[in-house]
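# Breakdown of the fold
This is what each chain is made of:
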Amino acid sequence: MSETAKLIYEGKEYEIPVITGSEGEKALDISKLRGATGYITLDSGFVNTGSCKSSITFLDGEKGILRYRGYPIEQLAEHSTFLEVAYLLIYGQLPTEAEYKEFKHIVTHHTMIHEDLKRLYDGFRKDSHPMAILSSMICTLSGYYGESMDPLNERHQEISIYRLIAKTPTIAAYSFKKSIGQPFIYPKNSLSYVANFINMMFSVPTEDYYIDPVVERALDLLLILHADHEQNCSASTVRLVGSSHANIYVSVASGVNALWGPLHGGANQAVIEMLKEIHEAGGDIKKFVDKAKDKTSGFRLMGFGHRVYKNFDPRAVIIKKAADDVLTKLDIHDPLLDIAKELEEVALSDEYFLEKKLYPNVDFYSGIIYKALRIPVEMFTVMFALGRMPGWIAQWREMIYDKETKIGRPRQIFTGENKREYVKIAQRT
Ligand code: ACO
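Each chain has its residues counted from 1, running along the sequence as written. Only residues with pLDDT of 70 or above have their local features reported here, since the model is predicted, and side-chain atom pairs are shown and tallied only from 80 upward, although totals for entire chains, interfaces and linings are computed over all residues. To get the side-chain values, all heavy atoms of the structure are used, and hydrogens and water are removed first.

Let us look at the site of the ligand. If a single non-hydrogen atom of a residue is within 4 Å of a molecule or strand, that residue counts as near it. Taken together, 21 residues are adjacent to the ligand, and Lys295, Arg300, Leu301, Arg307 and Lys356 come closest. Within the contact set of the ligand, a nitrogen atom lies 2.7 Å away from a backbone nitrogen or oxygen of Leu301. The accessible surface values rely on the Shrake-Rupley method and a 1.4 Å probe; as for residues, cover is taken only from the protein chains in view. In the complex, the protein chains occlude 76% of the 920 Å² of accessible area that the ligand would expose alone. For this classification, Asp, Glu, Lys and Arg are treated as charged, while Ala, Val, Leu, Ile, Met, Phe, Trp, Tyr, Cys and Pro are nonpolar and the rest, including Gly, are polar. Its residues placed into classes, the shell around the ligand shows eleven nonpolar, five polar and five charged. Polar contact is the term for a pair of N or O atoms within 3.5 Å; when the atoms are in protein, one must be able to donate a hydrogen and the other to accept it, and sequence-neighboring residues count only if both atoms are side-chain atoms.

Shown next, in the form of structure tokens:
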């Protein structure tokens with residue numbers, strides 16, 4: 001028997017259907033509420049609002065659980081690769097050997113970008129933020145593939161998905177090369193997905209370049225951990241833009257823009273900047289913790305807190321260990337890692353952070369690994385975008401196939417002026 005909840009207001013009773021997810025989570029289905037009652041619901045920041053049903057990623061913020069298509073993030077981090085995870089997220093199942101081989105082959109053979117697109121990089125200032133370049137270039141792909149980007153055509157979808165997964169590393173690496181004035185390095189089909197990206201980032205045409213397997217594995221791990229996170233700000237943006245049947249390139253480019261903000265993916269850059277600031281100010285951690293507690297300071301501990309995780313972020317646990325491993329293996333001593341660990345310890349024994357359930361999130365330690373891998377700070381959020389690409393695609397694809405999808409169009413409670421008469425400019429006081 002289907003469950004219902006009751007809403008009683010102004011002497012009338014309304015039945016509200018209760019929806020239950022596969023992990024037992026409950027929702028009140030208010031899709032017919034306005035039609036029946038004339039009321040809407042108001043929920044700033046969508047803290048209590050589900051925008052869709054989804055079978056891609058499950059997370060339980062209280063228990064610190066994260067699963068892609070049912071597989072725990074810890075198992076994927078240990079055994080899988082980023083490309084395999086991409087396949088899993090987009091198509092719903094881990095690939096067979098034959099499927100994986102084919103997917104890898106297709107992605108590998110779509111990595112080059114059009115030569116004309118390369119020339120667009122010249123239009124950017126040398127110091128343009130690589131996120132600005134990334135989102136512009138992904139958007140611009142839609143100008144190059146007009147013949148195959150009908151969002152409702154399955155074959156078009158398929159080709160666009162391959163192109164996005166394959167070309168994003170090339171676009172990202174070129175934005176770095178542009179910023180340091182080095183020649184762009186063409187993709188190399190003999191390399192793995194991640195090794196190819198590293199090669200395009202760091203090699204130069206004049207020399208052979210050795211790709212350290214420690215670096216390759218660490219980067220692969222970071223991309224896996226960032227690959228999806230259900231209805232976060234950027235994924236919701238991708239879905240919202242895509243719900244108008246805008247093509248997948250512009251939908252995903254909108255996700256890149258949403259990710260850029262320091263309250264979302266931009267936090268990884270902000271964390272390193274904050275750790276540097278603490279270091280340069282003499283390492284007085286308590287001073288910064290006190291400042292974060294002082295509401296008038298406008299300062300927050302970057303990399304702390306999460307809308308959903310209220311106990312711990314399982315990705316942060318994996319990343320913290322990986323940061324230790326990578327720095328040891330590469331024989332790097334980074335004082336910022338020491339500051340990060342101390343800061344975590346101080347904050348987690350402080351009543352303010354405990355009471356508000358503020359724990360380190362995925363971005364708290366990721367920047368330390370990126371830094372050890374010689375990835376410049378401005379590229380950190382680009383790395384996040386590279387990892388999140390399959391998640392955005394999976395969310396977009398699910399939205400397009402979902403029969404319940406409607407164009408995203410929230411309502412509002414109007415709080416402005418009531419009707420008033422126009423006053424000519426000479427009569428205004
Ligand atoms: N430092 C100090 N205080 C904080 C912090 C922080 N990092 N985060 C939240 N708080 C406080 C708020 O001031 C608020 O206090 P109040 O209840 O007394 O007003 C309370 O904790 C709740 O914070 P909200 O901003 O309401 O929580 P919300 O769920 O809206 O925000 C967010 C979550 C944006 C992640 C927030 O914790 C934050 O700004 N963190 C720092 C930025 C960051 O690390 N972002 C990355 C998130 S992970 C990701 O996107 C990949």
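Before going further, it helps to examine the pairing of strand β1 (residues 4–9). It is a general feature of regular strands that their side chains alternate between the two faces of the sheet. At least two DSSP bridges between two strands are required for those strands to pair. The numbering of helices and of strands both runs from the N terminus, where a helix is a DSSP run of H or I of at least 4 residues and a strand a run of E of at least 2. Relative to strand β2 (residues 12–20), β1 is paired through six bridges, and the arrangement is antiparallel. Across the sheet, Tyr9 pairs through a bridge with Lys12, a residue of β2. What sits between the antiparallel neighbours β1 and β2 is a turn of two residues, in which Glu10 has the positive phi angle 50°.

To estimate how far a helix should reach, multiply one less than its number of residues by 1.5 Å. If you check helix α14 (residues 314–329), its first and last C-alpha atoms are 23 Å apart, about what 16 residues at 1.5 Å a residue would give, namely 22 Å. Taken as a whole, α14 has its buried residues at Pro314, Arg315, Ala316, Ile318, Ile319, Ala322, Ala323, Val326 and Leu327. Its buried side turned inward, α14 meets β5 (65–68), α2 (73–79), α9 (213–226), α15 (335–348), α17 (362–372) and α18 (380–401). Directly beyond the C-terminal end of α14, a positive phi value near 55° is found at Asp331. Exposure is judged per residue with a 1.4 Å probe applied to protein chains only, and the accessible area is read against the type maximum: over 50% gives exposed, under 20% gives buried, and values in between give partly exposed. Two residues qualify as a contact provided that any one of their heavy atoms is within 4.5 Å of a heavy atom in the partner residue.

Residue placement: Thr108 occurs in helix α4 (residues 97–108). Owing to a relative accessible area of 19%, Thr108 belongs among the buried residues under this scheme. A distance of 2.5 Å separates a polar side-chain atom of Thr108 from the backbone oxygen of Lys104.

Below, the discussion takes up unusual backbone geometry. Positive phi, close to 55°, is recorded for Phe46, a residue that is not glycine. Its relative accessible area of 55% is what places Phe46 among the exposed residues. Non-glycine residue Asp331 carries a positive phi angle of around 55°. Residue position: Asp331 is located in the loop between α14 and α15.

Turning next to the sheet that holds β5. Taking strand neighbours across the sheet as the criterion, the three strands line up as β4-β5-β6 in an open arrangement whose pairing is antiparallel. In this open sheet, the two edge strands, each paired with only one partner strand, are β4 (57–60) and β6 (71–72). Direction of pairing for β5 relative to β6: antiparallel, over a ladder of two bridges. Its bridge partner lying in β6, Tyr68 is registered against Tyr71.

Aromatic rings from Phe, Tyr and Trp, with only the six-membered ring used for Trp, were paired whenever their centres fell within 6.5 Å, and each pair was classed as stacked if the ring planes differed by under 30 degrees, edge-to-face if by over 60, and tilted otherwise. As enumerated under the stated definition, the model contains 17 aromatic pairs in all. A centroid spacing of 5.0 Å and a plane angle of 80° characterise the contact between Phe364 and Tyr365, whose relative ring orientation is edge-to-face. Take Phe364 and Tyr365: they sit in the same class, and that class is buried. Each residue in the set Phe304, Tyr352, Phe353, Phe364 and Tyr365 is aromatic and connected to the rest through ring pairs, giving one cluster. Directly above the ring of Phe299 sits Lys291, whose terminal nitrogen or CZ lies 4.7 Å from the centroid. Two conditions define a charge located above a ring, namely a distance within 6 Å from the ring centre to NZ of Lys or CZ of Arg, and an angle within 35 degrees of the ring normal. Taking the ring centre of Phe202 as reference, the NZ or CZ of Arg374 above it sits at 4.7 Å.

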